[in-house]
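Now for the letters of each chain:
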Amino acid sequence: MKIKTDEITSVLKKEISSFQEKLDLAEVGEVLSVGDGIAQVYGLQNVMFNEMIEFEDGTLGLAFNLEENSVGVVILGEYTQIREGFQVKRLGRVLDVPVGEAMLGRIVDPLGRPVDGKGPINTSETRPMEIIAPGISKRQPVGEPMQTGIKSIDAMIPVGRGQRELIIGDRGTGKTAIAIDTIINQKGKDVMCVYVAIGQKASNIVALQERLEKLGCMDYTIIVAASASDPASLQYLAPYGGCAQAEYFMYSKKKATLVVYDDLSKQANAYRQMSLLLRRPPGREAYPGDVFYLHSRLLERAVKLSDDLGGGSLTALPIIETQEGEVSAYIPTNVISITDGQIYLQPNLFASGQRPAVDVGISVSRVGGSAQTKAMKSVSGKMKLDLAQFRELEAFAQLGTDLDAATQAQLDRGYRVLEVLIQGEGEPWEVEEQVVSIFSVTRGLMDTIDIPRVREFEKALIEHLRNAHAELLKGIKDSKKIEDEGKLERTVKDFAEAFVSGRAAEVRSQ
């Protein structure tokens, strides 16, 4: 067989001309030991803190402890299949998560991976999980209300867009209910919501998603879930992942956003577990020394951006669980000092039927009236005063002394105010309806109503105004103030008289 040299030469030339040298340069290390979600890795000399690394089976990790001869790596996911001797390589980037409008309506893990069984999420955009919080020059004062739909909060502990308002209380006092009601109340208000579930039962997270779906609230909500069965590393990262999801809408879409961290006590516990396994020195209550920084760098990312940056906002509602009302414990005091106020829930109020069980005496909002409309501001001041006086008189009345008529009337007014503040779960009120209700009770227009029938009267009054005097409600909503107090007072007074005499149905039908 004759060899055709010209053909061989042409093939060789073609191969040489198309040859490209592709070298995959990666710094590779080796697993020295692994256990409880932590791996000690040797050989990654130039790795950076919080840099992502990849094990040879594809599992991701986070460089957490930079020691002299090894690197302490937090494993982000299942760690039981990782063995001593596995190869590990640097990825050269800090931890980031996929973000975008495709995430809305989904349950994702802290790394942005879907866990709701609805298939992959199609988005190409990512954001770093941790960023430096915006400086003073990039912010503007909080002055726009973030309505929760809960009368006791919107009237006396108002939350503004861009604020950090702590919800604190014992287990089972309704902390999550307040946060969920706030999300429900954002329907139709163009506010993007992110609910971060940390260390909760997976069944509870699914039940919440189904409830929000039924109410049509998942269209503007993302649930970031790190359930109780997930590793401590994912529970630690969940709030940062949720914050990054909200920041996409704030920075890229210039929208108002709301993030609920439920709850940061469990995140602190996960961080303590990781730190002790990495042999970091324990401090008070065995937490590491930088546990304050854990929450401060997260909550400082809540902001009302300046108009130059689009004016978007990120409102944070962190939740902290106390033990037996102990607000002076380490984590509660830390988070109280970082936030702009706290909504404190009392177990004894909850047990007595005062729900939401908000203790308005020690709850506070450091933003105050600047996060309220003029209408709400004009009626809420009187309510705070009435409640404060009522609490003093109630304590005095328990001594069993005879009370004069004026004192008894003030006590009765206080009981009616408490009745007005009782609100069912999942029943947020529009701000104009709240204003009418508070106006009616503080002006004494409900004084003729029997205390057990106050809530019945309140609902009947709102229904009457919607049907027969819609212009009064619309005026408060549009102008943000009560334009004709006289007319509103006459309308409520007439309806109260009809209600007492049993003619309310007749008045409503007119």
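Details of the structure are given in the entry above.
Residues numbered from 1 in each chain as written. Predicted model: local features only at pLDDT ≥ 70, side-chain atom pairs only at ≥ 80, totals over all residues. Heavy atoms only, no water.

Caption draft 1: The arrangement of the side chain of serine 365 in detail. Its place among the elements puts serine 365 in strand 17 (residues 364-365). Judged by its relative accessible area of 11%, serine 365 is buried. Polar side-chain contacts of serine 365 include one of 2.6 Å to the backbone oxygen of proline 158. Within the local environment of serine 365, its side chain forms a polar contact with the side chain of glutamine 163, the two groups lying 3.1 Å apart. Not counting residues within four places of it along the chain, the set of residues in contact with serine 365 comprises Ile157, Pro158, Gln163, Glu165, Asp340 and Gly341. (Helix = DSSP H or I, 4+ residues; strand = E, 2+ residues; numbered from the N terminus. Buried < 20%, exposed > 50% of the residue type's maximum accessible area, 1.4 Å probe, protein only. Polar contact = N/O pair within 3.5 Å; in protein donor to acceptor, adjacent residues only side chain to side chain. Contact = heavy atoms within 4.5 Å.)

Caption draft 2: Inspection of helix 3 (residues 175-185) at higher detail. Extensive coverage of helix 3 is indicated by the burial of nine of its 11 residues. Every buried residue of helix 3 is listed here: Lys175, Ile178, Ala179, Ile180, Asp181, Thr182, Ile183, Ile184 and Asn185.

Caption draft 3: Representation of the sheet that holds strand 5 (residues 71-76) within the structure. One closed barrel holds the six strands; their spatial order is 1-2-5-4-3-6, and the pairing between them is antiparallel. This sheet shows a mean twist of 45° between the axes of neighbouring strands, independent of strand direction. Note: strand 1 (residues 28-35) against strand 6 (residues 87-94), three bridges, orientation antiparallel. If you follow valine 28 over to strand 6, its bridge partner there is lysine 89. With respect to the sheet, helix 5 (residues 232-252) is in contact with strand 4 (60-66) and strand 5, its orientation differing from that of strand 5 by roughly 80°. (Pairing = 2+ DSSP bridges. Axes fitted to C-alpha atoms, helices over the stretch in contact; angles between N-to-C directions.)

Caption draft 4: Highlighting unusual backbone geometry. Between aspartate 262 and the following residue, aspartate 263, the backbone shows a cis peptide bond with an omega angle of -5°. Mapped onto the elements of the fold, aspartate 263 is located in the loop between strand 13 (256-262) and helix 6 (264-277). Here the amide bond leading from arginine 355 into proline 356 is cis, since omega sits at 0°, within 30 degrees of zero.

Caption draft 5: Spatial organisation of the environment of glutamine 372. As for its position among the elements, glutamine 372 is in the loop between strand 17 and helix 10 (374-397). Owing to a relative accessible area of 10%, glutamine 372 belongs among the buried residues under this scheme. Distance in space between the C-alpha atoms of glutamine 372 and methionine 156 is 9.6 Å, their sequence separation being 216 residues. Ignoring any residue separated from it by four or fewer positions in sequence, one finds glutamine 372 in contact with Asp154, Ala155, Met156, Pro158, Lys377 and Ser380.

Caption draft 6: Layout of a nonpolar patch on the surface. A cluster of nonpolar residues, Ile8, Leu12 and Ile16, forms a patch on the protein surface that exposes about 310 Å² of accessible area. Its place among the elements puts isoleucine 16 in helix 1 (residues 5-18). On the basis of relative accessibility, which here comes to 63%, the residue isoleucine 16 falls in the exposed class. (Patch = residues over 30% accessible without salt bridge, like charges linked within 9 Å, V, L, I, M, F, W, Y side chains within 5 Å. Areas by Shrake-Rupley, 256 points an atom, 1.4 Å probe, with all protein chains shown as cover. Salt bridge = Lys/Arg side-chain N within 4 Å of Asp/Glu carboxyl O.)

Caption draft 7: Fine view of the pattern of salt bridges. On inspection of all chains with the given rule, the structure shows 29 salt bridges. For the salt bridge of glutamate 27 with arginine 90, the shortest nitrogen-to-oxygen distance reads 3.1 Å. Of the two residues, glutamate 27 is situated in the loop between helix 1 and strand 1 and arginine 90 in strand 6; the sequence distance between them amounts to 63 residues. For glutamate 425, the salt bridge is made with arginine 211, and the minimal N-O distance between the two is 3.6 Å. Taken together, the positions of glutamate 425 in the loop between helix 11 (405-421) and helix 12 (431-442) and arginine 211 in helix 4 (residues 202-214) put the pair 214 residues apart, joining distant regions of the chain. The network of salt bridges with shared partners includes Arg139, Arg164, Glu300 and Asp340.

Caption draft 8: Inspection of the nonpolar core at higher detail. Ile183, Tyr261 and Phe457 are the most contacted members of the largest nonpolar core, which has 131 residues in total. No other element matches helix 5, which puts 12 residues into this core. Setting aside residues no more than four positions away along its own chain, isoleucine 183 makes contact with Cys193, Tyr195, Leu212, Tyr220, Thr221, Leu258 and Val260. Listed in part, the 14 residues of the second largest apolar core include Val31, Ala63, Val73 and Val88. (Core = buried A, V, L, I, M, F, W, Y, C linked by side-chain atoms within 4.5 Å.)

Caption draft 9: Local environment of helix 15 (residues 485-500). A rise of 1.5 Å per residue sets the reference length of helix 15, with its 16 residues, at 22 Å; its end C-alpha atoms lie 22 Å apart and thus fit the reference within 8%. Among the residues of helix 15, those classed as buried are Leu488, Thr491, Val492, Phe495, Ala496, Ala498 and Phe499. The arc enclosing the buried residues of helix 15, seen along the axis, measures out at 165°, which places them on a common side. (Expected span 1.5 Å × (residues − 1). Arc of directions from axis to C-beta.)

Caption draft 10: Spotlight on the packing of helix 13 (residues 454-468) against helix 15. Running from N to C, helix 13 and helix 15 cross one another at 125°; their axes reach a closest spacing of 11 Å. Judged by the inter-axis angle, helix 13 sits oblique to helix 15. The hand of the helix 13/helix 15 crossing is right-handed. Between helix 13 and helix 15, the contacting residues are Glu456, Phe457, Ala460, Leu461, His464 and Leu465 on the first element and Thr491, Val492, Phe495, Ala496 and Phe499 on the second. (Parallel < 35°, antiparallel > 145°, perpendicular 65-115°, else oblique. Left-handed = near helix turned anticlockwise from the far one by under 90°.)

Caption draft 11: Highlighting the packing of aromatic side chains. Tallied over the entire structure, the rule returns 11 aromatic pairs. Ring geometry for tyrosine 236 against tyrosine 271: centres 5.4 Å apart, planes inclined by 20°, an arrangement best described as stacked. Pair noted here: tyrosine 236 is in helix 5 and tyrosine 271 is in helix 6, with a separation of 35 residues, a long-range link. As far as the burial class goes, tyrosine 236 and tyrosine 271 line up, both buried. Taken together, a centroid distance of 5.7 Å and an interplanar angle of 35° make the contact between phenylalanine 457 and phenylalanine 495 tilted. (Phe/Tyr/Trp six-rings, centres within 6.5 Å; stacked < 30°, edge-to-face > 60°.)

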